[in-house]
Protein chains: 2
Amino acid sequence: MHYYYGYNEFIKDSKDLTQKIDWGFDTIIGIARGGLTLSHLLGEFYNIRQVYAINTIGYENTQKLEKTKIFNLPNLENAKNVLIVDDIVDSGDTLSLVLAILIKEYPCVTFKSASLFYKPTACIKPNWYAQEANVWIDFFWTVDLLGSKSR
Amino acid sequence: MHYYYGYNEFIKDSKDLTQKIDWGFDTIIGIARGGLTLSHLLGEFYNIRQVYAINTIGYENTQKLEKTKIFNLPNLENAKNVLIVDDIVDSGDTLSLVLAILIKEYPCVTFKSASLFYKPTACIKPNWYAQEANVWIDFFWTVDLLGSKSR
């Protein structure tokens, strides 16, 4: 079963996240591609210019790859508190690996995480999330431009 | 005068861009923050995982700073054709400077650019754009999360 996640629900959930996040941070990292739109809107909301991307490949279409690859780490020399954002914490592999790599590279930076969706079966729980997920989510950024094309 | 640019118009314009862009590229760079959401949707549309951000500070609220700062250049070692995307090419200073810095760093990579809006008075024209702009645009990613808060 696929659940269509539209723009209006995204705004509602993003507002919910901003009400839940009780922490001051100076930098936002969006896990690309899924976390990019959320990182953009949160950057605007908190008026933070330090909005970076980090790249991961964990899925090839809907097939999970054996190992998640992380690349293009941002430079966090001037960061103290970094919020990592993603669309969904599914298995948790991606967030867990991103955290491990960033903490190793920047041991004095504090990292916390937020996502729109969280699956209770994930190996790691984000500090803040809007909804629990139990089905495959078709996010609007994945499907709305395709029009009649299907995934 | 402020013009509100909503999500539905963004999807229409993004589709328009995908119809105009007659070029194959392997990498997308979104100029943060403004270009991030567009870079996300184009990355999904073209199924490109190499969606990066580059950071610039050119405006402080609506006050233009004297000099645009560029930071957090992505690693383009494996890129050949890179599409740079932004929300608006206004004065053109940002796009022009981003191009200059990237070309200097990666002289063998081909860079082209696309934006949602372009002001005819800009010093540089993107290769592709959806609309001409003559007023200040309130993009949905800037205002929709704020709710009743004004800019």
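Each remark here, short or long, concerns the structure printed above.
Residues numbered from 1 in each chain as written. Chains lettered and ligands numbered in written order. Predicted model: local features only at pLDDT ≥ 70, side-chain atom pairs only at ≥ 80, totals over all residues. Heavy atoms only, no water.

## Describing the packing of aromatic side chains
Phase 1 of the analysis: Enumeration according to the criterion identifies 33 aromatic pairs over all chains in this entry.
Phase 2 of the analysis: With 4.6 Å between their ring centres and 5° between their planes, Tyr7 of chain A and Tyr7 of chain B make a pair best called stacked. Here the residue Tyr7 of chain A occupies a position in helix α1 (residues 7-20), and Tyr7 of chain B occupies one in helix α1 (residues 7-20), the pair thus bridging two chains.
Phase 3 of the analysis: On the accessibility criterion, Tyr7 of chain A (8% relative accessible area) is buried.
Phase 4 of the analysis: Centre to centre, the rings of Phe10 of chain B and Trp141 of chain B are 5.6 Å apart; their planes meet at 90°, and the pair counts as edge-to-face. Note that Phe10 of chain B is positioned in helix α1 and Trp141 of chain B in helix α4 (residues 140-143), a separation of 131 residues in sequence.
Phase 5 of the analysis: When its relative accessible area of 0% is taken as the criterion, Phe10 of chain B is described as buried.
Phase 6 of the analysis: Positioned over the ring face of Tyr129 of chain A is Lys20 of chain A, at 6.0 Å from the centre of the ring. (Phe/Tyr/Trp six-rings, centres within 6.5 Å; stacked < 30°, edge-to-face > 60°. Helix = DSSP H or I, 4+ residues; strand = E, 2+ residues; numbered from the N terminus. Buried < 20%, exposed > 50% of the residue type's maximum accessible area, 1.4 Å probe, protein only. Lys NZ or Arg CZ within 6 Å of the ring centre and 35° of its normal.)

## Digging into the relation of the copies chain B and chain A
Phase 1 of the analysis: Once turned by 180° and shifted 0.0 Å along the axis, chain B lies on chain A with an RMSD of 0.0 Å. What the rotation and shift describe, once combined, is the action of a two-fold rotation axis. In terms of C-alpha distance to the rotation axis, chain B has Thr37 of chain B as its closest residue, with the C-alpha 2.4 Å off the axis.
Phase 2 of the analysis: Both copies present the same face, since 100% of the interface residues in chain B are matched by interface residues at the equivalent positions in chain A. (Least-squares fit on C-alpha atoms with pLDDT ≥ 70 in both. Contact = heavy atoms within 4.5 Å.)

## Details of the nonpolar core
Phase 1 of the analysis: By size, the foremost hydrophobic cluster in this structure holds 66 residues, and its most contacted members are Phe10, Leu83 and Leu116 of chain A together with Phe10, Leu83 and Leu116 of chain B.
Phase 2 of the analysis: Ignoring sequence-local partners within four residues, the contact set of Leu83 of chain B consists of Ile21, Trp23, Phe25, Thr27, Ile28, Ile29, Leu42, Lys112, Ser113, Ala114 and Trp128 of chain B. (Core = buried A, V, L, I, M, F, W, Y, C linked by side-chain atoms within 4.5 Å.)

## Details of the pairing of strand β6 (residues 110-118) of chain B
All names here are of chain B.
Phase 1 of the analysis: Of all the nine residues making up β6, seven are buried; the element is thus mostly covered by neighbouring parts of the structure.
Phase 2 of the analysis: Both strand β5 (residues 81-89) and β6 contribute to a ladder of eight bridges, which runs parallel. Each bridged residue has a counterpart across the sheet, and for Leu83 the counterpart in β6 is Lys112.
Phase 3 of the analysis: Bridge count between β6 and strand β7 (residues 128-132): four bridges; the pairing is parallel. Along β7, the bridge assignment pairs Ala114 with Trp128. (Pairing = 2+ DSSP bridges.)

The values reported here are purely geometric and, on their own, carry no functional implication.
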